[in-house]
Amino acid sequence: MPETPEHSAVAERLYRTLRLIRVVEEEVARVYPTDVIKSPVHLSIGQEFIAAGVCDALEPRDHVSITYRGHAAYIAKGGDLNAMIAEMYGKKAGCCQGRGGSMHLVDSRAGVIGASAVVGTSIPVATGFALAAKRQRTGGVVVCFIGDGATEEGCFAESLNFAALHKLPILFVCENNGYAIHEPLAKRWATDRLCDRVATYGIPTRRIEDGDTVTVRDAALEAVAAMRDGGGPAFLEILCYRWREHVGPNEDFDQGYRSADEKTPWAARDEVARLAALLPPDHVAAIESEIAATVAAAFAFAEASPFPVPEDLYDHVYA
Amino acid sequence: MPETPEHSAVAERLYRTLRLIRVVEEEVARVYPTDVIKSPVHLSIGQEFIAAGVCDALEPRDHVSITYRGHAAYIAKGGDLNAMIAEMYGKKAGCCQGRGGSMHLVDSRAGVIGASAVVGTSIPVATGFALAAKRQRTGGVVVCFIGDGATEEGCFAESLNFAALHKLPILFVCENNGYAIHEPLAKRWATDRLCDRVATYGIPTRRIEDGDTVTVRDAALEAVAAMRDGGGPAFLEILCYRWREHVGPNEDFDQGYRSADEKTPWAARDEVARLAALLPPDHVAAIESEIAATVAAAFAFAEASPFPVPEDLYDHVYA
Amino acid sequence: MTTSTPESASGSRLLRYVDALREAFAQEMERDESVFVFGLDVDDHKSIQGSTAGLLKQFGPERVFTTPLSEDAMTGVAIGAAMAGMRPVHVHIRMDFLLLCMNQLVNIAAKARYMYGGTVKVPLVVRSMVGKSWGQGAQHSQGLHSMFMHVPGLKVVAPSNAHDAKGCMIAAIRDDNPVIVMEHRLLYPTEAYVPETPYAVLPGKARVVAPGGDVTLVGISNMVVECLRARELLSEIGISAEVIDPIWLSPLDIDTIVESARRTRRLVVADNGWTACGAGAEIVAAVLERLGPEGGIAVKRIGFAPTTCPPSPTLEAAFYPNPGTVAAAVHALVRPRDVAWTPDPERTKLAHQVQFRGPF
Amino acid sequence: MTTSTPESASGSRLLRYVDALREAFAQEMERDESVFVFGLDVDDHKSIQGSTAGLLKQFGPERVFTTPLSEDAMTGVAIGAAMAGMRPVHVHIRMDFLLLCMNQLVNIAAKARYMYGGTVKVPLVVRSMVGKSWGQGAQHSQGLHSMFMHVPGLKVVAPSNAHDAKGCMIAAIRDDNPVIVMEHRLLYPTEAYVPETPYAVLPGKARVVAPGGDVTLVGISNMVVECLRARELLSEIGISAEVIDPIWLSPLDIDTIVESARRTRRLVVADNGWTACGAGAEIVAAVLERLGPEGGIAVKRIGFAPTTCPPSPTLEAAFYPNPGTVAAAVHALVRPRDVAWTPDPERTKLAHQVQFRGPF
Ligand SMILES: Cc1ncc(C[n+]2csc(CCOP(=O)(O)OP(=O)(O)O)c2C)c(N)n1
Ligand SMILES: Cc1ncc(C[n+]2csc(CCOP(=O)(O)OP(=O)(O)O)c2C)c(N)n1
Ligand SMILES: [Mg+2]
Ligand SMILES: [Mg+2]
């Protein structure tokens, strides 16, 4: 990244997002054993660069569809942090009023489509948002984040075909971390020619292997620009690595299903550290204290918020 | 096809199968208005060359998975004709004892896996037969016939991945007649790169456009031989044309959704007539009278067979 | 918006069920740009038995379009579009195909509003047709409404006549929740008085279709028609049946049924589906919970035989309940000490069933 | 093959539910080469909470293997393999995921034998776990057994203790029909006496778990445990509840329940699912059909609240029935004129629920 003022503004923005996500999730992991969090957490630590890079290409009128591993994209798209933490605490002020939990974050105002805990189900739903965007001529696009495992569900193929057939403004982003829970790709994929497969629908694809936030951002910018011009769907497969266990706050390299060596190259180029090093230290320090305050406030808000009362149970079953 | 004795035996065998299917279905169409047939019929007239060609490559230990448009493959694999017609008549002697009807033909002894009226559902079931063949080391292979519409169901993609991952002995044969009921491919497929897509699973594919029974047979022979050697799944997309309406006995070119011109080239190279012309006329005549007798006997058998009695209703709900 | 009943005549015409449905779509699509109709074959010349006829021409291919054979994803697409502010009507030519959509319908559509804390709504209509008739067999005949009644967050409706077909469809389209509509193939040609102007037959109100004092006979979907015929047969032997059409199965107007059963002391539910964990089980259990032990109510469920549906005519006839079997069951309940009575089979047939011949 | 009950001691050891399941697989796979166990994560180090632990090592990857995330097709694969002569056990870590498999289970597995005229059989076992516990929420908590009870051709079983877990699983594996097994996450650590040798707890036989004279209390799945606790609480105020575990929900042993209800004149069903068209509706309706109007039986269904399952602890506590709410409902039924009574909430907790903390 050359040192132009514009570029350093971008770097700073990306760093701020990356760092915010990282600090939030590390705080989640820290408090988790104290039992304040009331639903299973799937951390994206190590994978944040994808959400940060992609969402930097988006506007408020755009939507993102996230997964149960969705903290990063929720935050990157501008989801309300207080409401997110309160939701994880099971509080009434949570983004789902305590009815969703960590796996079902939503922020309609920020354009965050609610997440599902059933893998793959969000893909056609996101496609439906893209259909609406096109029909309603909002000019908005939809980004649908999925894991590598989700591509194995039949609705992925069905959705790709429909999105391409109707030239819908949707960017599918596959966060390929090589695992579904503890099962590696080799036990689930006949081949790794995912991009080739998607391309057969007439969808432009790109595979990003370098783990670079800016590469991701540029690819997303390009795809989104083409989509706003009516170009139809696009697809990014982005390699990444999950640093923590599938669900829960800990590392799990002692469990035997994967080795810590796999993490080494990813940790070596940790985007949070790398982008920090590109910025003036005083900026980094300012961002750090700003984020610390924001995050502390969010957890304090969640902590102080009341639980729903039992009678609330019956709200919102029907509109 | 050069004129060797072996080849003319093949041609004669293929012709016999083709002609038998054609005569059976024309008789079905003829009697249909008299209300002797008791369930909706989906005729394969014009598409018989696929089943005839593919099944010629098979052995008794092999299985075929057929669809509701399955008369051709049922017959070509050696399914019991009397039991088939009796089933269509709703009789107790039918292959399903009157519980299946035309859309659910089955003949376990002949290796015909039962058909489903829910499009696509037979694909994973056939894949399961292939898994069993591999695990039980029967040396058998499975052929899974599907329509172009079935490839749009998510289970198609799921099954391809699983079959390729486990190198299962299954040949998927897509009878691409360009329509699902009255909807043309253009309204359903983003592109026609089906073979390319299937190939991304590491599955060898071939697209046959010439409507030639022998081309089909040779392709099936090659695929089946590779499969018996442990080569894993293969895929054939075979272009064809449905001469009659989607369901029922009639032509439907007056309905406006397709023009009779589309049929012209296919009718011009009707494989039944073409293969007949390659054989000595006395052979053709002998086959004709043999088939006429067989078919007349099957319809007579069906006609004379008794209906199930109402008390039979409760049989076979559980094994 | 007015409400009305099948009898009300001003501004009404005799209309077939299928045409009443078509009119509902045309009027709602005219009124509200966000309504669209999609699903396999909605735009072809057969137009779902005519129920979507003319819509493509009137509203264009952006609002009336077919889909790939991808029921699962198309349901998700409908849900997404609904959450994004549109009002999709997703059409299935057979209710059996909803089994491909259960994950989206139950895990997403039913739950979205709740699990997203009331921040979204899912104004989705899912039309599905029950294929009972000549040779439909195992997979083209199921009435699966009870599976949907089981799930909080879904609404379920089964209009039994042309008037309700239009009114329920309009209500469903305007409802902010996912509504599963069960239409019955054999009802399509039946006629009723249907007002020209739009009106809604709203969720949660059953209708007493015909009064009676000896037994409460609840019919679901086309079983309403068959119950009315059974009522005629029963009246000939002096048994007076009150026939109730719940119309909406979820939310279910149990009060109307309780009220009637309290009076007649006998409750028979004739369903268009299997009885185990079916709509009849729900109605019987709910009524008895309400009436308590002093109720002393005699109850009986009637439905599909507990088998898969066979196409062979002799078996098919035994599989489905009909006015004769309904009447016989009611008679056995009302006069348990009498010898069993079954009406003349010829007289139990319904006119349209005698005429109809397959395949579709 | 012997049959036995949870109390029988010879050759029995105290075993956890999860280990009893594991033993069933190991013994059946040893006995019959055609049995294989597959599904997401059956072969990883967590091995479905330990219920498939060691199987990979003992039987190898041809008989114990994970799958892609393709529940729909994998169900079809299992059905095909079963028709071809194998005996697949297909495992789902959550019952909610069966909604992805409904088409194959209902349209093929349930119907194959029937619609193919008895020429095939489908000896398939589908294991699915109910995720009730800490924060599981909307899509990891459902008990969907009633949907399967609705469909002829399927069998459904919900073992409530380690003894039945082993015996039912062995019976399911040996059954020539598709069997849906509902396992409950909270039962996994519970212990019972389990014989070492293989035995079957066969379809169609309920068990009277504890005798009583004032009310028949039917518990389903883990609700059996909660009903037993409710029974203790009720006995302290002089109400004697007979607790029945149907074990197999389809085929359902209604006779045992009818017999009890005829005696107690009161029937309460506590289910691990929603009540509308649920297993409780079926049991109540079937019992009352059988007992007739002279029955005068008071009935009550208890189950999930008619909402989606929320993860927030205050809401979750209100969503699920517990021994206190069961006892209170029974009390209201038995002593309708008394003021409402609810046991001390502290005393209604079950030991393992107090201890358990998430996530999985
Ligand atoms: C349909 C479905 N099947 C199985 C599961 C259990 N499960 C939860 S997360 C997960 C792994 C998904 O992997 P991937 O899509 O790669 O996402 P990642 O967790 O790696 O981010 C699985 C199998 C589920 N929730 N839904
Ligand atoms: C899952 C499902 N969706 C829709 C239908 C209705 N339907 C019956 S046949 C058919 C067309 C299938 O087309 P294709 O697979 O190309 O086979 P063809 O009839 O052309 O041989 C459709 C849509 C169905 N039976 N099952
Ligand atoms: Mg992954
Ligand atoms: Mg076709």
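Fair warning: this is a prediction, and the values are worked out from it, not measured in the lab.

S.K.: Sorry if this is basic, but what is going on with the site of ligand 2 here?
M.R.: Close to ligand 2 lie 20 residues; B:Tyr68, B:Arg69, B:Gly149, B:Asn177 and C:Glu71 are nearest. Mapping the residues near ligand 2 onto chains gives chains B and C. Within the contact set of ligand 2, a nitrogen atom lies 2.9 Å away from a backbone nitrogen or oxygen of B:Ala117. Between ligand 2 and the protein, one listed contact pairs an oxygen atom with a side-chain N or O atom of B:Asn177 at 2.9 Å. Calculation on ligand 2 without its partners gives an accessible area of 580 Å², and the protein chains cover 96% of this total. Split into classes, the residues belonging to the shell around ligand 2 amount to 12 nonpolar, 4 polar and 4 charged.

S.K.: I keep staring at the coordination of the magnesium ion (ligand 3) and nothing clicks. Help me out?
M.R.: Metal coordination angles in their ideal form are 109.5 degrees for the four-donor tetrahedron and 90 or 180 degrees for the six-donor octahedron. Residue and element names in this part refer to chain A. Protein coordination at the magnesium ion (ligand 3): the donors are Asp 148 (OD), Asn 177 (OD1) and Tyr 179 (O), at 2.1 Å from the metal. Each donor residue of the magnesium ion (ligand 3) belongs to the same chain, and together they define the spacing D-x28-N-x1-Y. With Asp 148 in the loop between strand E3 (142-147) and helix H6 (154-165) and Tyr 179 in strand E5 (residues 179-180), this pair connects stretches of sequence that are 31 residues apart. With respect to class, Asp 148 is no different from Tyr 179; both count as buried.

S.K.: Help me out: how do you make sense of the interface of chain D and chain B in this one?
M.R.: Reports of interface size often rely on the accessible area that becomes lost once the parts have come together. In this assembly, 40 residues from chain D lie in contact with 36 residues from chain B. Where chain D abuts chain B, roughly 3,000 Å² becomes buried across the two surfaces, and 64% of that area is made up of carbon and sulfur atoms. Considering only the surface of chain D that becomes buried against chain B, D:Glu62, D:Tyr114 and D:Tyr116 emerge as the three largest contributors, covering 21% of it. Between the two partners, chain D and chain B, sit 1 salt bridge. D:Glu62 is the partner of B:Arg137 in a salt bridge, and the nearest nitrogen-oxygen pair spans 3.4 Å.

S.K.: What am I meant to see in the coordination of the magnesium ion (ligand 4) here?
M.R.: Residue and element names in this part refer to chain B. Within the protein, Asp 148 (OD), Asn 177 (OD1) and Tyr 179 (O) serve as the donor atoms for the magnesium ion (ligand 4), at 2.1 Å. Sequence spacing of the donor residues for the magnesium ion (ligand 4), all on one chain, is D-x28-N-x1-Y. Of this pair, Asp 148 sits in the loop between strand E3 (142-147) and helix H6 (154-165) while Asn 177 sits in the loop between strand E4 (170-176) and strand E5 (179-180), and the two are 29 residues apart along the sequence. Asn 177 matches Asp 148 in its accessibility class, with the two residues each being buried.

S.K.: Sorry, what's going on with the packing of helix H5 (residues 122-135) of chain A against helix H3 (residues 71-83) of chain C here?
M.R.: Where H5(A) meets H3(C), the axes come as close as 6 Å, and the angle between the chain directions of the two elements is 50 degrees. Classified by the interaxial angle, the pair formed by H5(A) and H3(C) is oblique. The two elements H5(A) and H3(C) meet at a crossing, and its hand is right-handed. Taken together, the residues of H3(C) that come into contact with H5(A) (itself represented by A:Pro124, A:Val125, A:Thr127, A:Gly128, A:Phe129, A:Leu131 and A:Ala132) are C:Ala73, C:Gly76, C:Val77, C:Ile79, C:Gly80, C:Ala81 and C:Met83. Its residues assigned to classes, the contact of H5(A) with H3(C) comprises 10 nonpolar, 4 polar and no charged.

S.K.: Help me understand the environment of D:Asn161, please; the structure alone is not making it clear to me.
M.R.: Residue and element names in this part refer to chain D. Tracing the backbone shows Asn 161 in the loop between strand E6 (155-157) and helix H7 (162-174). Counting along the chain gives 86 residues from Asn 161 to Thr 75, while the straight-line C-alpha distance between them is 27 Å. Within polar-contact distance, the side chain of Asn 161 engages the backbone nitrogen of Asp 164 at 2.8 Å.

S.K.: Is there a simple way to explain the packing of aromatic side chains in this structure?
M.R.: The final tally for this structure, using the stated rule, is 25 aromatic pairs over all chains. Ring plane angle 75 degrees and centroid distance 6.1 Å describe the contact between B:Tyr89 and B:Phe299, whose orientation is recorded as edge-to-face. One end of the pair, B:Tyr89, is in the loop between helix H4 (81-88) and strand E2 (112-116); the other, B:Phe299, is in helix H11 (residues 281-304), with 210 residues separating them in the sequence. The same class applies to B:Tyr89 and to B:Phe299, which are both buried. Among the aromatic residues, those joined into a ring-pair cluster are C:Trp274, C:Phe304, C:Phe319 and C:Tyr320. The ring of C:Tyr320 carries the charged tip of C:Lys132 above its face, separated from the ring centre by 4.4 Å.

S.K.: Explanation requested: the relation of the copies chain D and chain C in the structure shown.
M.R.: Between the two copies of the chain lies a rotation about an axis combined with a shift along it. Once turned by 180 degrees and shifted 0.0 Å along the axis, chain D lies on chain C with an RMSD of 0.0 Å. Classification of the inter-copy transformation places it as that of a two-fold axis. Here 100% of the contact residues of chain D are again contact residues in chain C; the copies associate through an equivalent surface.

S.K.: Help me understand the pairing of strand E11 (residues 241-245) of chain C in this model?
M.R.: As a general feature of sheets, a regular strand has side chains that alternate between the two faces. Residue and element names in this part refer to chain C. E11 sits mainly inside the fold: 5 of its 5 residues count as buried. Alternating residues of E11 divide into Ala 241, Val 243 and Asp 245 and Glu 242 and Ile 244, and every residue in both groups is buried. For strand E9 (residues 207-210) and E11, the ladder comprises 3 bridges, and the chain directions are antiparallel. Its bridge partner being in E11, Ala 210 is matched across the sheet by Val 243. Pairing of strand E10 (residues 215-219) with E11, which is carried by 4 bridges, proceeds in the parallel orientation. For Leu 217, the partnering residue across the bridge sits in E11 and is Val 243. Crossover handedness for the path E10 to helix H8 (residues 223-235) to E11: right-handed.

The rules behind the values
Residues numbered from 1 in each chain as written. Chains lettered and ligands numbered in written order. Predicted model: local features only at pLDDT ≥ 70, side-chain atom pairs only at ≥ 80, totals over all residues. Heavy atoms only, no water. Near = heavy atom within 4 Å. Polar contact = N/O pair within 3.5 Å; in protein donor to acceptor, adjacent residues only side chain to side chain. Areas by Shrake-Rupley, 256 points an atom, 1.4 Å probe, with all protein chains shown as cover. Nonpolar A, V, L, I, M, F, W, Y, C, P; charged D, E, K, R; others polar. Donors = N, O, S within 2.8 Å, 3.2 Å for Na, K, Ca; no water. Helix = DSSP H or I, 4+ residues; strand = E, 2+ residues; numbered from the N terminus. Buried < 20%, exposed > 50% of the residue type's maximum accessible area, 1.4 Å probe, protein only. Contact = heavy atoms within 4.5 Å. Buried area = accessible area lost by both parts, 1.4 Å probe. Salt bridge = Lys/Arg side-chain N within 4 Å of Asp/Glu carboxyl O. Axes fitted to C-alpha atoms, helices over the stretch in contact; angles between N-to-C directions. Parallel < 35°, antiparallel > 145°, perpendicular 65-115°, else oblique. Left-handed = near helix turned anticlockwise from the far one by under 90°. Phe/Tyr/Trp six-rings, centres within 6.5 Å; stacked < 30°, edge-to-face > 60°. Lys NZ or Arg CZ within 6 Å of the ring centre and 35° of its normal. Least-squares fit on C-alpha atoms with pLDDT ≥ 70 in both. Pairing = 2+ DSSP bridges. Right-handed = clockwise from strand over helix to strand, strands pointing away.

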